[in-house]
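Below are the chains, spelled out letter by letter.
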Amino acid sequence: MKNHQRENLSRRELRRRAIGIARLAQKLEQISKFATNTPPKLCSLIGNVAKLLTDSIEEAPAGNLIHVGELLSLMSLELRFVERAKLEHTPWSMIQSTEEFLKHTAGDDSHFIIRPQWSQNYGLIGEFVKVYERRLCAFDWINSEKIKEALKDVDGQKIYCISFPRTERFNALMHANFGHELGHIIASKWDEAHFEEVWNEIENQAREENKKEIEQWWSSVLEGNDFLLAREISAATKRARSVLDGGLKELISDAIGVHLLGPAALCSAVEFSSCMSLDDNPSESGDYPPWRYRLRLLLESCKKDFQAVNDSERNGIPQKAEEIILEFVKWAQSLGELTEVHDDSESLNRTAITRIPYNHIEQRWPGILKEAKGFLPKDSSYSFSERIDYIAELVLRLDEDIPPCETGKWPDTTPADFRDILNAAWVYKIWLVTKVDDGTLDNELEKLFRLVLKAIETSHVQRTFNSLSEVAYN
Amino acid sequence: MSTLTKKQILSRLQGEQCARLVVTPLLSEKQVGACSIDVRLGNQFIIFRTQTLSEYDASKAEGRRLRQMQERFIIDFGKSFTLHPGTLVLGSTFEYLSMPKDLECQVEGRSSWARVGLMIATATSVEPGFKGVITLEISNVGTIPLKLMPGIRIAQLVFRDADPALDSEYGSGRKYQCPIGPQFSRLHEDKDFNMFDRFD
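Keep in mind it's a predicted model, so treat the numbers as computed, not measured. Position numbers for residues start from 1 in each chain and track the written sequence from start to end. Think of it this way: whatever chain is written first is A, whatever ligand is written first is 1, and the rest follow in order. Per-residue local features of the predicted model are confined to residues with pLDDT of at least 70, and side-chain atom pairs are confined, for both listing and counting, to 80 or more; whole-chain, interface and lining totals are unaffected and use all residues. Values reported for side chains reflect all heavy atoms of the structure, with hydrogen atoms and water molecules removed beforehand.

Turning our attention to the overall build of chain B. Counting its secondary structure elements, chain B contains four helices and 14 strands. When checking whether two residues touch, look at their non-hydrogen atoms; a contact exists if any pair is within 4.5 Å. Contacts spanning at least 24 positions in sequence make up 79% of the contacts within chain B whose residues lie at least 6 apart. Strands are runs of DSSP state E lasting at least 2 residues, helices are runs of H or I lasting at least 4, and numbering of each runs from the N terminus.

All names here are of chain A. Taken domain by domain, chain A holds domain 1 (3–169), domain 2 (183–373) and domain 3 (388–473). For domain 2 and domain 3, the distance between their C-alpha centroids amounts to 33 Å. Listed by partner, the interface residues are 19 residues for domain 2 and 17 residues for domain 3. Here the quantity called buried area is the accessible surface, traced with a 1.4 Å probe, that two parts lose on coming together, added over both. In this assembly, domain 2 packs against domain 3 so that about 1,700 Å² is buried in total across both faces, 75% of it on carbon and sulfur atoms. Of all residues in domain 2, L261, I324 and E327 bury the most surface against domain 3, accounting for 28% of the area lost on that side. Salt bridges are defined by distance alone: a side-chain nitrogen of Lys or Arg within 4 Å of a carboxyl oxygen of Asp or Glu. Between E271 and K429 there is a salt bridge, with the nearest N and O atoms lying 2.8 Å from each other. Polar contacts, as counted here, are pairs of nitrogen or oxygen atoms within 3.5 Å of one another; within protein the pair requires one atom able to donate a hydrogen and one able to accept it, and residues that are adjacent in sequence qualify only if both atoms are side-chain atoms. Across the domain 2-domain 3 interface, the total number found is five residue pairs in polar contact (both at pLDDT 80 or more). When residues of the side of domain 2 that touches domain 3 are traced back to their parent elements, those giving at least two are helix 8 (226–261), helix 9 (263–272) and helix 11 (319–334). In terms of residue count, helix 11 provides more of the side of domain 2 that touches domain 3 than any other element does, eight residues in total. In terms of residue class, the side of domain 2 that touches domain 3 is built from 13 nonpolar, two polar and four charged. A domain assignment, automatic or from a database, supplies the domain bounds used here. Each residue receives one of three labels: charged for Asp, Glu, Lys and Arg, nonpolar for Ala, Val, Leu, Ile, Met, Phe, Trp, Tyr, Cys and Pro, and polar for the others, Gly being one of them.

The next point concerns the packing of helix 2 (residues 38–56) of chain A against helix 3 (residues 65–84) of chain A. Residue and element names in this part refer to chain A. Note on method: axes are straight lines fitted to C-alpha atoms, helices fitted across the in-contact stretch only, with angles between N-to-C directions ranging 0 to 180 degrees. The N-to-C vectors of helix 2 and helix 3 enclose an angle of 160°; their axes lie 10 Å apart at closest approach. Taken together, helix 2 and helix 3 sit at an angle that is classed as roughly antiparallel. Crossing handedness for the pair helix 2 and helix 3: left-handed. Touching P39, L42, C43, I46, V49, A50 and L53 of helix 2 are V68, L71, L72, M75, E78, L79 and V82, all from helix 3. Its residues assigned to classes, the contact of helix 2 with helix 3 shows 13 nonpolar, no polar and one charged. Angles below 35 degrees are treated as roughly parallel, those above 145 as roughly antiparallel, those between 65 and 115 as roughly perpendicular, and all remaining angles as oblique. For any pair of crossing helices, the crossing counts as left-handed if the nearer helix is rotated counterclockwise from the farther one by less than a right angle, and right-handed if it is rotated clockwise.

Here the focus is the side chain of A:H184. All names here are of chain A. Structurally, H184 is set in helix 7 (residues 178–222). At a separation of 3.4 Å, a polar atom in the side chain of H184 contacts the side chain of E250. In contact with H184, other than residues within four places in its own chain, are L124, K249, E250 and S253.

Now for unusual backbone geometry. All names here are of chain A. Geometrically, the link from G126 to E127 is a cis peptide bond, its omega value of 15° lying close to zero. Relative to the assigned elements, E127 resides in the loop between strand 2 (123–126) and helix 5 (128–137). Each neighbour pair has its own omega, and for W410 with P411 the value is 10°, a cis peptide bond. In this structure, P411 sits in the loop between strand 4 (406–409) and strand 5 (412–415). Despite not being glycine, D287 shows a phi value in the positive range, around 70°.

Residues and elements named next belong to chain A. Burial runs high along strand 1 (residues 110–117): eight of the eight residues are buried. Burial of the side chains of strand 1 extends over both faces: S110, F112, I114 and P116 are buried on one face and H111, I113, R115 and Q117 on the other. Where strand 1 lies against strand 3 (residues 158–165), eight bridges are found, and the strand directions are parallel. By the bridge assignment for strand 3, P116 is matched with F164. Under the scheme applied here, a residue whose accessible area is under 20% of the maximum for its type counts as buried, over 50% as exposed, and between as partly exposed, the area being computed with a 1.4 Å probe on protein chains only. By the convention used here, strands pair only if DSSP detects at least 2 bridges between them.

Residues and elements named next belong to chain B. Pairing within the open sheet is antiparallel, and its four strands lie in the order 2-14-8-10. What marks the edges here is a single partner per strand, and that holds for strand 2 (37–40) and strand 10 (124–126). Put simply, the sheet's adjacent strands are angled 35° from each other on average, direction ignored.

Residues and elements named next belong to chain A. Residues qualify for a patch when their relative accessible area is over 30% and they have no salt bridge, like charges being joined within 9 Å and the nonpolar side chains of Val, Leu, Ile, Met, Phe, Trp and Tyr within 5 Å. Residue-level accessible areas treat just the shown protein chains as cover; the underlying method is Shrake-Rupley with a 1.4 Å probe. Taken together, the side chains of W217, W218 and V221 define a hydrophobic patch exposed on the protein surface, amounting to about 360 Å² of accessible area. Mapped onto the elements, V221 comes out in helix 7. Owing to a relative accessible area of 54%, V221 belongs among the exposed residues under this scheme.

Before going further, it helps to examine the interface of chain A and chain B. Taken together, the 27 residues of chain A in the interface contact 30 residues of chain B. The junction of chain A with chain B conceals about 2,600 Å² of combined surface from both sides, 61% of it contributed by carbon and sulfur atoms. Counting the contacts that link chain A with chain B gives one salt bridge. Residues B:R20 and A:E400 are paired through a salt bridge, measuring 3.2 Å at the closest nitrogen-oxygen approach. Inspection of the chain A/chain B interface yields ten residue pairs in polar contact (both at pLDDT 80 or more). For the side of chain A that touches chain B, the secondary structure elements donating two or more residues are helix 4 (92–106), strand 4 and helix 17 (441–473) of chain A. Here the side of chain A that touches chain B takes eleven residues from helix 17 of chain A, the largest share from any one element. Counted by class, the side of chain A that touches chain B contains 13 nonpolar, four polar and ten charged residues.

Looking now at helix 14 (residues 352–373) of chain A. Between its first and last C-alpha, helix 14 of chain A extends 29 Å over 22 residues, near the 32 Å set by a 1.5 Å rise per residue. The quantity called bend is, for any residue, the angle between two axes fitted respectively to the seven residues ending at it and the seven beginning at it. The sharpest bend along helix 14 of chain A measures roughly 65° and falls at A:R364, with the proline A:P366 sitting one to four residues further on. A helix is expected to span 1.5 Å multiplied by its residue count minus one.

Let us look at the packing of helix 9 of chain A against helix 16 (residues 418–435) of chain A. Residues and elements named next belong to chain A. Contact geometry for helix 9 and helix 16: axes closest at 8 Å, N-to-C directions at 50°. Judged by the inter-axis angle, helix 9 sits oblique to helix 16. Crossing angle aside, the handedness with which helix 9 passes helix 16 is left-handed. Listed contacts from helix 16 to P263, A264, C267, S268 and E271 of helix 9 are L422, N423, W426 and K429. Of the residues that constitute the contact of helix 9 with helix 16, the class distribution is five nonpolar, two polar and two charged.

Here it is as structure tokens:
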């Protein structure tokens, strides 16, 4: 086959694939049912980009066809986010409330697709609009006006995708991890604004300490080979930077999660990490901080709240609710026994690659946290102790097998806050786990998940109804 | 056994602990009528997969087959679906009920809906101590398709005293526990079928 024949074949195939993607996107957008408008929005974006590529493939220089192919492969991969966000795959009753909560923090121009993944993990992907814009702008044979036209429906908007483990679909309590994922958006903003400055503060020290260790450990191998020595030092310093970056991103995301959702975020992190090693060194675990380190910081963030609940007189809280809440606080404080052990520090101190970044995090943490929280809206923090009266009411409803969807006494009721529901659910779950030991716990937990999902949906409908009923009845 | 009037219903809704009737959320006070509470249509539904189902034989129904013969779907609040003449759909109340042990209630269709052909159920009884949403057997026995929307007031609950009050905990050994959506028939769990199998 001659070169021009292969080029023609390539163009024909790319055109066919682009048409296929556009059709698939349109089909998904038109016939699927989603809990919010965000998945169709991404469909429409992908469909428009596919149509643009179809129309412009003939003008693409031969050398760029391979890049068009790469982009089409990515687009078809990204359609899976939409496909998995169909109602039947998601905890649909909490999607609208969750997106509302996420938007409140990330901004009204941000939209979230929530979809399951088979991996036992949560994750944030995106932002898509910016990425598509960048990808298309790199194709200089496409007129910029046409690019603008293809992206006009999502102009100025942001689309993210949050993934959750498929097997935890109905575990609304575990989905408090969404707070952490939202935290990644804030962590990225912090990273962009401050990371270089923080890294610059330790770069030389990291290089020197790494040099010392490499010379000490590898002297017999590297002696006299300055080139190899310099290369090893440079690689280790680069690793230290990556450990600092990865560590800060996770720790900031954790902190934002607990700032937004209170102890519910701590609890979901505790359960999520319960089957993982507590003290893995970041350089051996994808730059993730050791879980013990993370839990220590999370617990530290909640400590004041727990103490405030313990110290308060809790006037007006019924005895049963007080008993359940105090059991929860006792359990949460007992986590201190886990975090007082410093095996994670030993692990981190093993090499300069992790020791230097984490020593610096230790020193700079309060300042970093303050800077990160600066990217949040002013009214975003959640205080467990200040909400304790509401939580007590919701806990009592759960204890009576009633969805914790509203507080107050009918007819003077108020739809429950999304965050109060999650926290009340965790409070009640911890109590259940400590009290139910007759083999019915699994059923009780399933019932708890159902009641919480119903409550989240109901309170959302109730809020919407309340605002609409004023129009309908007046 | 007397039917509760509005005053008694209100008193039960605002009552304390074990005597309290919970219907949550009651979006509007107007839902409480002279002798009943109007309840709204939830957004989860179950239909038979008629295309692949030759018949429903309760004596042979079991787990996998049951899932194959029904289809669940969800309609968002603010959206609607059409119930065609001669079709049955299982829906549920939007409101979640927690019944005290000394009350039982009947679920009745609203006459306004009945007049256009919509039937809710024939005397569904909700027992004392029940907790959950109530499954509604919704059918269109009229001649024209009906547009239904989650959130509309579709049925009414009529409460009566249960005297003496139930003295055991509702739920243990019951077929449906704290449901939050419509429940498919569990007729197949009736032990009677084991008996009929042995008849020659």
